[in-house]
Protein chains: 2
Amino acid sequence: MDWGTELWDQYDIIEKHTQSGLELVEKYVKFVKERTEIEQNYAKQLRNLSKKYNLKRSGKDEPDSRFSSYQSFLDVVNEMNDYAGQRELIAENLMMNICIDLTKYLQELKQERKMYLIEAKRAQQSLESTYKQLDSSKKRFEREWREAERTAQYAEKTDQDLNATKADVEKAKQQAHMRSHVAEECKNDYAAQLQKYNKEQSQFYFNEMPLIFNKLQDLDERRVRKLAQGYILFSDTERHVMPIIGKCLEGITKAGTNVNDRNDTMVVIEQNKSGFERPGDVEFEDYSQGINRTSSESSLGTPKGPMDILGRNRSKNFWLFSKKSKVRYSTLGLDLCMTLP
Amino acid sequence: MDWGTELWDQYDIIEKHTQSGLELVEKYVKFVKERTEIEQNYAKQLRNLSKKYNLKRSGKDEPDSRFSSYQSFLDVVNEMNDYAGQRELIAENLMMNICIDLTKYLQELKQERKMYLIEAKRAQQSLESTYKQLDSSKKRFEREWREAERTAQYAEKTDQDLNATKADVEKAKQQAHMRSHVAEECKNDYAAQLQKYNKEQSQFYFNEMPLIFNKLQDLDERRVRKLAQGYILFSDTERHVMPIIGKCLEGITKAGTNVNDRNDTMVVIEQNKSGFERPGDVEFEDYSQGINRTSSESSLGTPKGPMDILGRNRSKNFWLFSKKSKVRYSTLGLDLCMTLP
């Protein structure tokens, strides 16, 4: 079962079908091209996102990357960047392996198809012209034969005419003989033309056209197989990067499991512990044991009150207070000197 | 090793660190939110693409879906639509499981942190006010003691003054006795205040503040663990749909392998074969055997010439030619009648 034998009289159908077949390939290429653009755009947006959040860039007020919670955030952002790279790869391969390759193949098929259609037209034209020759030689034979019949009847009529001279009869017979001879030749020519035409016609219907139609069928089947490969490539292209994308996701999960709350707690301690002792009890200052300025001077060594550890305003801390009170002692002492004569 | 003991004097650091910790969570939520929008946009574009190419919609000049190459194209387009659905699912889950959930958790942590900071300030304030009491009672003791000393010295001076009356001496001694008694009371009060303050101070440095700082440490560690979960969810969300996405890709590959070039060739035959026989040889029309109109009439049954199978213009096909020629015979016949007497 092939087009050459089954569709010998369906040239229009074959022409139309092979045409719309190529159009389907074009449509598929367009479809993949648009998918590719969507993919490129997607990858670009993901890249910009990871650029934006790669806080290393923005040096200022960047938390210390010794904090695992922060380091892992950077890891997530970087994995996202690799992920974007894989989406770019998909776009690239769709473009190269499907759009460009299929378009090239399509052009070749178009050329080949055009060639077959021209072959077909040429064959048809030559058969037509041979038929025209046959038709005219047939008509000539018909015409000449009737002419011959007419002259034969005339010769007979003359022969039976009592008034006709021998010369007249002879002339008429010669005419009839000559005419029938011409007719005979036309008949042979017609027979030859007919034989030639029938040979060419069967050549046309049983060899030339079937061969061309089968070439078109073969071309169409190649077109279909190539398109099928194109469908498979579409999914293969993405499946190809899936393992790497899987690795990116693993990397993100790893970033999550790498976070260590205790570690971060310790980092804060290591970076900020002052090493100071907590203030001990405030001493009793017994003036009744004749405490004097110098001793109260030395007593400045031990804190006189709570350090302002909430530090809303470190300026007026409690050391200052105690200093103030020291000043008061002296002025007080001065007062004494004055009040005393 | 905990903040309560190691960072007892680093309130500012702890306040700042817990603050920037919450800011990191906010930053991550923002990051996921933007990724979600990219994902939604991507899914939307894929959906529109598959809508656009779902040729079933545009009924007119749609190739027959009995062609496997065309049917598979529709399958590819539909798988793309399912694929888009999976990307939408990713966006949805990122929004629900990370953005919304983390934001809610963040608000709770902020509230809790605020509460602890207020507790700390309250404790600091109460310690300060106790210190002020201590300070003033200490100063009162100092003042009263010097006054007592002065009056004692005065009494002694009076006692040795030869011009002083007994009454003067008695009065001065009473004054000195009274003053020393008051000073003694102030000393006791100062001692009591000092004891009270020292008790409260050690309570503050060794119980209250360490407890609050450890609560803040615990809060920060919960924040870190929750953030880590958020990182893991980020990849889990996508990994969750990967099997279904894999199925979409398999579906596309299947569509490709379902394409059958021979099948499509056969469909063209089934749909279009006319079933006509190819034209046989053209007969020899022998006028010499007295061919007549009726016989040439009947001879119309067999084609008189090649059918225009290329059909550039089926109107003037060869059947018409042969009809024309028939007409010619008759007119020709008419001529004969006329030329014959």
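The shown structure was predicted, so the numbers you read here are calculated from the model rather than taken from an experiment. (Residues numbered from 1 in each chain as written. Chains lettered and ligands numbered in written order. Predicted model: local features only at pLDDT ≥ 70, side-chain atom pairs only at ≥ 80, totals over all residues. Heavy atoms only, no water.)

Asker: Whenever I open this one, the overall build of chain A confuses me. Can you help?
Answerer: In terms of helices and strands, chain A carries 7 helices and 0 strands. Starting at the N terminus and walking to the C terminus, you meet the elements of chain A as α-α-α-α-α-α-α. Here chain A holds 341 residues, and the buried ones make up 47% of them. Taking contacts inside chain A between residues at least 6 apart in sequence as the whole, the part at least 24 apart equals 81%. In the form shown here, chain A has an accessible surface area of approximately 17700 Å², with 54% of it arising from carbon and sulfur atoms. (Helix = DSSP H or I, 4+ residues; strand = E, 2+ residues; numbered from the N terminus. Buried < 20%, exposed > 50% of the residue type's maximum accessible area, 1.4 Å probe, protein only. Contact = heavy atoms within 4.5 Å. Areas by Shrake-Rupley, 256 points an atom, 1.4 Å probe, with all protein chains shown as cover.)

Asker: Mind showing me how you'd approach the packing of aromatic side chains here?
Answerer: Applying the stated criterion across every chain, the model contains 33 aromatic pairs over all chains. A ring pair is formed by Tyr190(A) and Phe284(B), whose centres lie 4.7 Å apart and whose planes are at 25 degrees; its orientation type is stacked. Taken as a pair, Tyr190(A) in helix H4 (residues 166-258) and Phe284(B) in the loop between helix H5 (261-272) and helix H6 (293-298) lie in two separate chains rather than in one. Here the aromatic rings of Phe141(B) and Tyr190(B) are separated by 5.8 Å at their centres, their planes lie at 20 degrees, and the arrangement is stacked. Taken as a pair, Phe141(B) in helix H3 (residues 68-160) and Tyr190(B) in helix H4 (residues 166-258) lie far apart in primary sequence, 49 residues in all. Residue classification places Phe141(B) among the buried residues on the basis of a relative accessible area of 0%. (Phe/Tyr/Trp six-rings, centres within 6.5 Å; stacked < 30°, edge-to-face > 60°.)

Asker: Help me out: how do you make sense of the relation of the copies chain B and chain A in this one?
Answerer: The operation relating the pair of chain copies consists of a rotation about an axis and a translation along that axis. With an axial shift of 0.0 Å and an RMSD of 0.1 Å, the rotation relating chain B to chain A amounts to 180 degrees. Both copies are brought into coincidence by an operation consistent with a two-fold rotation axis. Of the C-alpha atoms belonging to chain B, the one lying closest to the rotation axis is found on Tyr42(B), 3.0 Å away. A share of 99% of the interface residues of chain B reappears at the interface of chain A, consistent with the copies meeting face to face through the same patch. (Least-squares fit on C-alpha atoms with pLDDT ≥ 70 in both.)

Asker: Any chance you could explain the UniProt feature "coiled-coil region" (unreviewed entry) in chain A here in plain terms?
Answerer: Here the UniProt-annotated "coiled-coil region" (unreviewed entry) positions come out as residues 106-175 of chain A. Along residues 106-175 of chain A, the helical share is 93% and the strand share 0%, with 70 Å between the first and last C-alpha atoms. (UniProt positions renumbered as here; feature names shortened; annotations may be inferred.)

Asker: For this particular structure, what's the right way to read the side chain of Arg113(B)?
Answerer: Residues and elements named next belong to chain B. Mapped onto the secondary structure, Arg-113 falls in helix H3. The charged side chain of Arg-113 is buried without a salt bridge, its nearest counter-charge being Glu-15 at 4.7 Å. Every residue in contact with Arg-113, bar those within four places of it in the chain, is listed here: Glu-15, Thr-18, Gln-19, Leu-22, Leu-216 and Leu-219. (Lys, Arg positive; Asp, Glu negative; His and termini not counted. Salt bridge = Lys/Arg side-chain N within 4 Å of Asp/Glu carboxyl O.)

Asker: Help me out: how do you make sense of the environment of Lys187(B) in this one?
Answerer: Residues and elements named next belong to chain B. Checked against the element boundaries, Lys-187 lands in helix H4. Using a relative accessible area of 17% as the deciding quantity, one classes Lys-187 as buried. Along the chain, Lys-187 and Thr-257 lie 70 residues apart, while their C-alpha atoms are 103 Å from each other.

Asker: What's the story with the interface of chain B and chain A in this structure? I'm lost.
Answerer: One frequently used descriptor of interface size is the decrease in accessible area upon assembly of the parts. Contacts between chain B and chain A engage 133 residues on the former and 133 residues on the latter. Buried area between chain B and chain A, summed over both chains or domains, comes out near 12900 Å², and the portion from carbon and sulfur atoms is 66%. Counting the contacts that link chain B with chain A gives 12 salt bridges. Close ionic contact of Glu6(A) with Lys273(B) constitutes a salt bridge, the shortest N to O distance being 2.7 Å. Listing elements by their share of the side of chain B that touches chain A, those giving two or more residues are helix H1 (3-6), helix H2 (11-53), H3, H4, H5 and helix H7 (318-339) of chain B. It is H4(B) that contributes the most residues to the side of chain B that touches chain A, 36 residues altogether. Across the side of chain B that touches chain A, the residue classes tally to 65 nonpolar, 27 polar and 41 charged. (Buried area = accessible area lost by both parts, 1.4 Å probe. Nonpolar A, V, L, I, M, F, W, Y, C, P; charged D, E, K, R; others polar.)

Asker: What should I look at first to understand the packing of helix H2 (residues 11-53) of chain A against H4(A) in this one?
Answerer: Helix packing for two helices is described by the angle between their axes and how far apart those axes are. All names here are of chain A. Relative to each other, H2 and H4 sit at 15 degrees, their axes nearing to 11 Å. Of the possible angle classes, the one that applies to H2 and H4 is roughly parallel. Helix-helix and strand crossings are classified by hand; for H2 and H4 the assignment is left-handed. The residues of H4 that touch H2, namely those facing Tyr-11, Ile-14, His-17, Thr-18, Gly-21, Leu-22, Leu-24, Val-25, Tyr-28, Phe-31, Val-32 and Arg-35, are Met-209, Phe-213, Leu-216, Asp-220, Arg-223, Leu-227, Gly-230, Tyr-231, Phe-234 and Glu-238. For the contact of H2 with H4, a count of residues per class yields 14 nonpolar, 4 polar and 4 charged. (Axes fitted to C-alpha atoms, helices over the stretch in contact; angles between N-to-C directions. Parallel < 35°, antiparallel > 145°, perpendicular 65-115°, else oblique. Left-handed = near helix turned anticlockwise from the far one by under 90°.)

Asker: Even after reading the chapter, I still don't get the packing of H4(A) against H4(B), so can you show me in this structure?
Answerer: Packing of H4(A) against H4(B) leaves a shortest axis separation of 9 Å and a crossing angle of 165 degrees. Here H4(A) is positioned roughly antiparallel relative to H4(B), judged by the angle of their axes. Judged by the twist between their axes, the crossing of H4(A) over H4(B) is left-handed. When grouped by side-chain class, the residues that make up the contact of H4(A) with H4(B) number 18 nonpolar, 10 polar and 8 charged.

Asker: Is there a simple way to explain the pattern of salt bridges in this structure?
Answerer: Once their charged atoms are close, side chains differing in charge can pair, the charge on each being opposite to the other. Using the criterion set out here, one finds 52 salt bridges over all chains in the structure. A salt bridge links Arg140(A) to Asp189(A); the nearest nitrogen and oxygen atoms lie 3.4 Å apart. Of this pair, Arg140(A) sits in helix H3 (residues 68-160) while Asp189(A) sits in helix H4, and the two are 49 residues apart along the sequence. A salt bridge links Asp101(B) to Lys226(B); the nearest nitrogen and oxygen atoms lie 3.0 Å apart. Separated by 125 residues along the polypeptide, Asp101(B) in helix H3 and Lys226(B) in helix H4 bring together distant segments of the chain. Note on Asp101(B): relative accessible area 31%, which makes it partly exposed. The class of Lys226(B) is buried, set by a relative accessible area of 17%. Look at the salt bridges and you will find they share partners, linking Arg35(A), Glu39(A), Arg87(A) and Glu238(A) into a network.

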